[in-house]
Number of protein chains: 4
Amino acid sequence: MTIRVAIAGARGRMGSTAAFAITEAPDMEFVGALDYKYDGWYMNSGSLTQQQSGVRVYTSIAELAQQVRPDVLLDLTDPEAVFPNAQKAIALGIRPVIGTSGLTLEEIDQLKCRSEQKGLSCIVAPNFSIGAVLMMKFATQAAHYLGDVEIIEMHHDRKLDAPSGTATKTADMISEVRTPHLQGHPDEQVNAYGARGADVQGMKIHSVRLPGLLAHQQVLLGGEGELLTIRHDSFDRKSFMPGVLLSIRESMRQRQFINGLEQLI
Amino acid sequence: MTIRVAIAGARGRMGSTAAFAITEAPDMEFVGALDYKYDGWYMNSGSLTQQQSGVRVYTSIAELAQQVRPDVLLDLTDPEAVFPNAQKAIALGIRPVIGTSGLTLEEIDQLKCRSEQKGLSCIVAPNFSIGAVLMMKFATQAAHYLGDVEIIEMHHDRKLDAPSGTATKTADMISEVRTPHLQGHPDEQVNAYGARGADVQGMKIHSVRLPGLLAHQQVLLGGEGELLTIRHDSFDRKSFMPGVLLSIRESMRQRQFINGLEQLI
Amino acid sequence: MTIRVAIAGARGRMGSTAAFAITEAPDMEFVGALDYKYDGWYMNSGSLTQQQSGVRVYTSIAELAQQVRPDVLLDLTDPEAVFPNAQKAIALGIRPVIGTSGLTLEEIDQLKCRSEQKGLSCIVAPNFSIGAVLMMKFATQAAHYLGDVEIIEMHHDRKLDAPSGTATKTADMISEVRTPHLQGHPDEQVNAYGARGADVQGMKIHSVRLPGLLAHQQVLLGGEGELLTIRHDSFDRKSFMPGVLLSIRESMRQRQFINGLEQLI
Amino acid sequence: MTIRVAIAGARGRMGSTAAFAITEAPDMEFVGALDYKYDGWYMNSGSLTQQQSGVRVYTSIAELAQQVRPDVLLDLTDPEAVFPNAQKAIALGIRPVIGTSGLTLEEIDQLKCRSEQKGLSCIVAPNFSIGAVLMMKFATQAAHYLGDVEIIEMHHDRKLDAPSGTATKTADMISEVRTPHLQGHPDEQVNAYGARGADVQGMKIHSVRLPGLLAHQQVLLGGEGELLTIRHDSFDRKSFMPGVLLSIRESMRQRQFINGLEQLI
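Residues numbered from 1 in each chain as written. Chains lettered and ligands numbered in written order. Predicted model: local features only at pLDDT ≥ 70, side-chain atom pairs only at ≥ 80, totals over all residues. Heavy atoms only, no water.

- Labelled according to an unreviewed UniProt entry, chain A appears under the name 4-hydroxy-tetrahydrodipicolinate reductase, originating from Sporosarcina aquimarina.
- Looking at the Function (unreviewed entry) heading of the UniProt record, one finds this comment for chain A: "Catalyzes the conversion of 4-hydroxy-tetrahydrodipicolinate (HTPA) to tetrahydrodipicolinate."
- Here is the UniProt Subcellular location (unreviewed entry) comment for chain A, exactly as written: "Cytoplasm". (UniProt positions renumbered as here; feature names shortened; annotations may be inferred.)

Given below as structure tokens:
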């Protein structure tokens with residue numbers, strides 16, 4: 001059976017890459033685009049057109065639901081749009097797969113509640129990169145044995161914020177399993193403000209920003225006489241597609257709310 | 001309760017490091033050394049002496065068993081000595097923890113058989129490095145998602161053999177989980193013999209040998225637009241000690257034959 | 001004074017990136033395109049058009065010379081086209097800047113001869129990456145002190161040939177300065193064919209090919225107790241542009257034949 | 001002609017390694033040890049003895065000079081001892097080779113003055129690692145072309161100070177050649193204090209401290225679409241010996257004051 005997928009945010013860079021990947025997947029079909037404008041236009045191989053070819057754009061999720069009966073709504077828009085979209089989708093029996101960070105804890109709670117009332121899955125995955133999720137899981141597992149951890153994340157210098165969300169999440173995940181303890185020399189003497197990085201849950205995070213870089217992170221775990229390094233390099237948006245497809249497939253198998261791709265891997 | 005540990009091979013480099021680590025461990029006691037000579041001498045802080053101080057050396061495991069009643073025999077000698085030692089140890093009710101590679105499949109089968117007949121654990125761990133075992137496990141798990149794998153292992157130039165045992169074992173472990181497939185360009189054109197490394201189970205292994213290096217391995221797993229790298233650096237023999245102590249502790253908890261530290265982690 | 005630049009191969013990926021970079025450079029002007037077809041068409045922001053806007057395409061270098069009087073011909077075509085283009089350019093008083101590998105030694109000799117007879121520079125730069133050239137130069141300088149060298153080059157798995165041209169050139173450059181000697185253990189025992197890589201001038205080259213990778217090389221130089229690693233990552237074709245612009249500027253300053261960007265850095 | 005070398009600080013870890021290296025060097029002889037105690041004792045293969053075997057210990061540099069006529073005094077003691085030692089050595093016609101950091105600018109000026117008055121070389125080399133010096137030189141040269149620089153230095157967690165002296169010196173050396181400019185996004189938003197590292201001369205330095213690590217530094221230089229990384233790993237004190245021997249040999253060739261091994265490479 002083919003999974004019928006609608007996309008919100010299909011005009012964006014992630015969205016158009018996802019539209020292409022879903023179209024290519026043998027078990028999926030891209031059936032409609034949800035947008036806040038261009039109602040009645042069509043999307044064809046990534047371009048908008050007024051000619052009737054490709055997939056129709058809808059500004060109303062109700063009409064989208066009625067016309068093309070999607071199984072899943074892949075939502076790659078911003079946090080403001082995501083929440084009402086997901087609420088309506090669940091009400092209409094469409095499974096939301098949400099690839100945006102920025103939902104509040106309260107919004108997450110509400111989606112969880114509605115999803116489980118309906119027995120319909122709802123997946124929130126702020127990071128669709130399977131490689132990045134594996135890095136976080138492995139680092140967490142390794143921290144049982146090698147409890148001293150530092151994280152170096154490296155991005156292009158157009159990135160505004162530091163540290164990255166993935167680095168902070170990695171530290172949070174590790175902090176849940178390891179015994180809290182002081183790292184480094186207790187009498188450490190820092191002669192230049194910031195040299196030792198940011199302290200997040202007792203671990204140090206270092207954020208490198210240079211032109212040329214794309215998106216890279218390494219987690220370093222040290223033990224007596226050894227070092228374990230888990231590194232992820234993200235070179236291209238295409239690296240998110242296996243995670244998108246996996247989430248869509250899992251949304252058909254599950255019946256509950258799932259927060260984070262790491263729950264599915 | 002304190003675990004009473006005898007060591008075979010205590011004069012060697014690994015052995016003396018282990019003797020020290022066991023002596024330091026709060027839940028263990030180093031109770032006797034098994035050797036093929038120096039019967040009746042004593043080992044004290046890593047040196048042999050004829051004065052009665054430290055731990056006695058025995059050339060007979062039977063006498064060792066009778067005099068100091070060890071729970072565990074940590075055997076760090078060579079494959080020739082290991083097998084008869086382990087057989088006798090099991091017969092005497094002592095749990096062997098064996099840190100040598102080179103046992104034949106037949107010898108392993110026999111030890112497994114005797115260990116399970118007696119309901120007494122016997123642990124074979126050719127590599128006591130927890131970090132290296134984690135690297136192998138993570139690489140194996142990641143290969144489910146990122147199935148194209150190459151391994152670069154790097155050692156000092158005094159190492160005779162290539163590829164390393166750990167690299168080969170990593171490829172073997174991965175090959176058990178991944179769908180076999182051809183890697184690289186099908187029409188690959190190799191202009192200098194050996195450039196693409198050794199093919200082990202369809203994966204490429206590259207062995208670097210340089211003065212200065214210690215013992216390092218990285219497993220590279222590639223997917224569309226991304227790379228996951230799992231790297232282990234072993235800087236010092238001390239890095240094996242957590243694995244030695246963990247194996248000794250586990251040998252008291254288990255009642256069967258265990259092949260590989262990865263079964264315990 | 002503005003440097004007037006014509007481009008052969010402007011429709012290609014490197015060519016269109018270069019056309020954009022030259023157009024952006026404050027001291028240069030993109031004045032014409034040399035092609036084997038589309039005579040009389042125009043190039044405008046990377047697209048071909050029959051409307052008279054942008055830069056004209058010529059199939060005759062003589063006509064190109066007469067109409068737009070370029071100072072420099074940047075040639076990014078294939079080896080077959082490059083040689084006659086460069087000969088004619090020199091005859092017409094236009095300085096060739098050639099970004100293609102594959103010229104024969106004899107062709108190089110002829111270009112050198114003509115360039116020097118005319119007192120007009122001619123630059124051949126098979127690799128316009130300043131970063132890659134720096135890597136090669138530094139590795140060569142370092143090999144005076146740290147004479148044991150291995151090279152790991154890593155590319156996407158669509159690359160056909162191994163080892164890469166840059167890796168081979170690096171080994172060649174190093175071999176010119178270091179005392180030849182045997183590397184590794186003299187009694188090395190290779191248990192899997194190819195594990196130790198390709199031997200190029202006594203150095204080992206290892207070629208990794210994985211999906212996800214772009215173009216990466218590291219040169220490892222080992223000495224007693226230490227390792228120096230020089231690594232270059234090329235993430236995007238834009239990284240070649242500073243080398244292209246530098247070569248064009250230098251071609252105005254020089255009056256002789258120059259083989260390799262490394263002569264200019 | 002054999003170079004006659006006396007060592008101050010020969011009982012220390014660096015000193016005993018150096019004594020061994022000098023004894024092994026075919027063109028050098030270890031002729032005497034300068035110490036603040038043990039006058040009249042002997043040093044033999046790294047141990048002190050009262051028996052007349054090996055090299056004599058002197059507490060007076062004048063007596064040392066008279067008895068064994070050294071060409072060079074290799075001084076590996078602390079800053080307090082180094083300065084008077086070097087002054088007296090120059091007065092006695094012995095060339096100081098000083099491997100300690102911590103001399104004040106005034107002391108350095110005085111040594112320079114005396115060394116040049118006498119026409120006798122005096123070499124101050126706080127870091128004898130040729131590999132580290134090459135890293136600093138290459139990074140400085142590369143910064144001409146790739147002007148955005150971050151430094152990651154990684155050491156064991158017993159190291160008290162951060163950032164390391166080598167990291168700070170690298171930034172200082174680079175700052176002398178590059179055009180000052182702001183790195184990173186001008187509107188950078190740092191959400192965890194210290195994430196972006198220490199700012200040294202406009203470059204960021206990140207100091208990692210983990211058990212297991214030895215002494216490592218990487219300099220990352222980014223440009224549009226590319227990254228150049230120069231990394232030095234120091235695994236063992238022996239890595240300093242080529243720099244010690246080179247400095248001793250150069251001290252015989254030079255007649256002036258030399259500050260930093262980088263002046264000799």
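Details of the interface of chain D and chain B
Item 1. The interface of chain D with chain B comprises five residues on the first partner and five residues on the second.
Item 2. Both faces considered, chain D and chain B share a buried interface measuring about 350 Å² in area, 82% of it formed by carbon and sulfur atoms.
Item 3. Summed over the shared surface of chain D and chain B, the number is zero salt bridges.
Item 4. On the surface where chain D and chain B come into contact, there are zero residue pairs in polar contact (both at pLDDT 80 or more). (Contact = heavy atoms within 4.5 Å. Buried area = accessible area lost by both parts, 1.4 Å probe. Salt bridge = Lys/Arg side-chain N within 4 Å of Asp/Glu carboxyl O. Polar contact = N/O pair within 3.5 Å; in protein donor to acceptor, adjacent residues only side chain to side chain.)

With respect to the packing of helix 5 (residues 130-142) of chain B against helix 6 (residues 165-175) of chain B
Residues and elements named next belong to chain B.
Item 1. Direction vectors running N to C along helix 5 and helix 6 enclose 30 degrees, while the axes themselves pass 9 Å from each other. Judged by the angle between their axes, helix 5 and helix 6 are roughly parallel. In this structure, helix 5 meets helix 6 at a crossing whose hand is right-handed. Here Met135, Met136, Lys137, Ala139 and Thr140 of helix 5 come into contact with helix 6, specifically with Thr166, Lys169, Thr170, Met173 and Ile174.
Item 2. Looking at the contact of helix 5 with helix 6 residue by residue, the classes come out as five nonpolar, three polar and two charged. (Axes fitted to C-alpha atoms, helices over the stretch in contact; angles between N-to-C directions. Helix = DSSP H or I, 4+ residues; strand = E, 2+ residues; numbered from the N terminus. Parallel < 35°, antiparallel > 145°, perpendicular 65-115°, else oblique. Left-handed = near helix turned anticlockwise from the far one by under 90°. Nonpolar A, V, L, I, M, F, W, Y, C, P; charged D, E, K, R; others polar.)

Examining the side chain of D:Asp35
Item 1. The residue D:Asp35 is located in the loop between strand 2 (28-34) and strand 3 (42-44) in this model.
Item 2. Contacts of D:Asp35, omitting those with residues within four sequence positions, involve D:Arg11, D:Val57, D:Tyr58 and D:Thr59.

Details of the relation of the copies chain D and chain B
Item 1. By a simple turn and slide, chain D fits onto chain B: the slide is 0.0 Å along the axis, the RMSD is 0.1 Å, and the turn is 180 degrees. Read as a symmetry element, the transformation amounts to a two-fold axis. Rotation axis and chain D: the residue whose C-alpha lies nearest the axis is D:Phe235, separated from it by 3.9 Å.
Item 2. With an isologous cut-off of 70% or more, the 100% of interface residues of chain D that recur at the interface of chain B puts this contact in the isologous class. (Least-squares fit on C-alpha atoms with pLDDT ≥ 70 in both.)

Regarding the packing of aromatic side chains
Item 1. Applying the stated criterion to the full structure yields 10 aromatic pairs over all chains.
Item 2. Ring centres 5.1 Å apart and planes at 80 degrees place the aromatic pair A:Tyr193 and D:Tyr193 in the edge-to-face group. One end of the pair, A:Tyr193, is in the loop between strand 11 (189-190) and strand 12 (198-200); the other, D:Tyr193, is in the loop between strand 11 (189-190) and strand 12 (198-200), on a second chain. For the pair A:Tyr193 and D:Tyr193, one class covers both residues: exposed.
Item 3. Seen in terms of ring centroids, D:Tyr38 and D:Trp41 are 5.0 Å apart; in terms of plane orientation they differ by 70 degrees. Their pairing is edge-to-face. (Phe/Tyr/Trp six-rings, centres within 6.5 Å; stacked < 30°, edge-to-face > 60°. Buried < 20%, exposed > 50% of the residue type's maximum accessible area, 1.4 Å probe, protein only.)

Things to note about the pattern of salt bridges
Opposite charge on two side chains allows them to pair when their charged atoms are near.
Item 1. By the definition in use, this model includes 60 salt bridges over all chains.
Item 2. Here A:Lys204 makes a salt bridge to A:Asp199, at a shortest N to O gap of 3.5 Å.
Item 3. The exposure class assigned to A:Lys204 is buried, which follows from its relative accessible area of 14%.
Item 4. Given a relative accessible area of 47%, A:Asp199 falls into the partly exposed group.
Item 5. Across the pair B:Arg253 and B:Glu250 runs a salt bridge whose closest N-O atoms are separated by 2.5 Å. Taken together, the residues B:Arg253 and B:Glu250, both in helix 7 (residues 241-253) and three residues apart, mark about one turn of the helix.
Item 6. Residue classification places B:Glu250 among the buried positions, given a relative accessible area of 14%.

Structural notes on the sheet that holds strand 15 (residues 226-234) of chain A
Item 1. In space, the 10 strands of this open sheet follow the order 12(A)-13(A)-9(A)-14(A)-15(A)-15(B)-14(B)-9(B)-13(B)-12(B), with mixed pairing throughout. At either margin of the open sheet sits one strand with a lone partner, and together these are strand 12 of chain A together with strand 12 (198-200) of chain B. The mean angle between the axes of side-by-side strands here comes to 20 degrees, regardless of whether they run parallel or antiparallel.
Item 2. With nine bridges connecting them, strand 15 of chain A and strand 15 (residues 226-234) of chain B associate as antiparallel partners. Along strand 15 of chain B, the bridge assignment pairs A:Asp233 with B:Leu227. (Pairing = 2+ DSSP bridges.)

Quick word on the interface of chain A and chain D
Item 1. Listed as interface residues are 45 residues of chain A and, on the opposing side, 45 residues of chain D.
Item 2. Around 3,300 Å² of area is buried between chain A and chain D when both sides are counted, 64% of it from carbon and sulfur atoms.
Item 3. Between the two partners, chain A and chain D, sit zero salt bridges.
Item 4. Applying the counting criterion to the chain A and chain D interface returns 18 residue pairs in polar contact (both at pLDDT 80 or more).
Item 5. At the level of secondary structure, the elements contributing two or more residues to the side of chain A that touches chain D comprise strand 9 (148-155), strand 10 (161-162), strand 11, strand 12, strand 13 (203-209), strand 14 (215-223) and strand 15 of chain A.
Item 6. A per-class count over the side of chain A that touches chain D returns 19 nonpolar, 13 polar and 13 charged.
Item 7. Sheet analysis places strand 11 of chain A next to strand 10 (residues 161-162) of chain D, joined by two bridges and oriented parallel. The residue of strand 10 of chain D that forms the bridge with A:Val190 is D:Ala162.

What to know about the packing of helix 5 (residues 130-142) of chain C against helix 5 (residues 130-142) of chain D
Item 1. Axis separation between helix 5 of chain C and helix 5 of chain D bottoms out at 11 Å; the angle between their running directions is 150 degrees. Taken together, the axes of helix 5 of chain C and helix 5 of chain D are roughly antiparallel relative to one another. Like other packed secondary-structure pairs, helix 5 of chain C and helix 5 of chain D cross with a definite hand, here right-handed. The residues of helix 5 of chain D that touch helix 5 of chain C, namely those facing C:Leu134, C:Phe138, C:Gln141 and C:Ala142, are D:Leu134, D:Phe138, D:Gln141 and D:Ala142.

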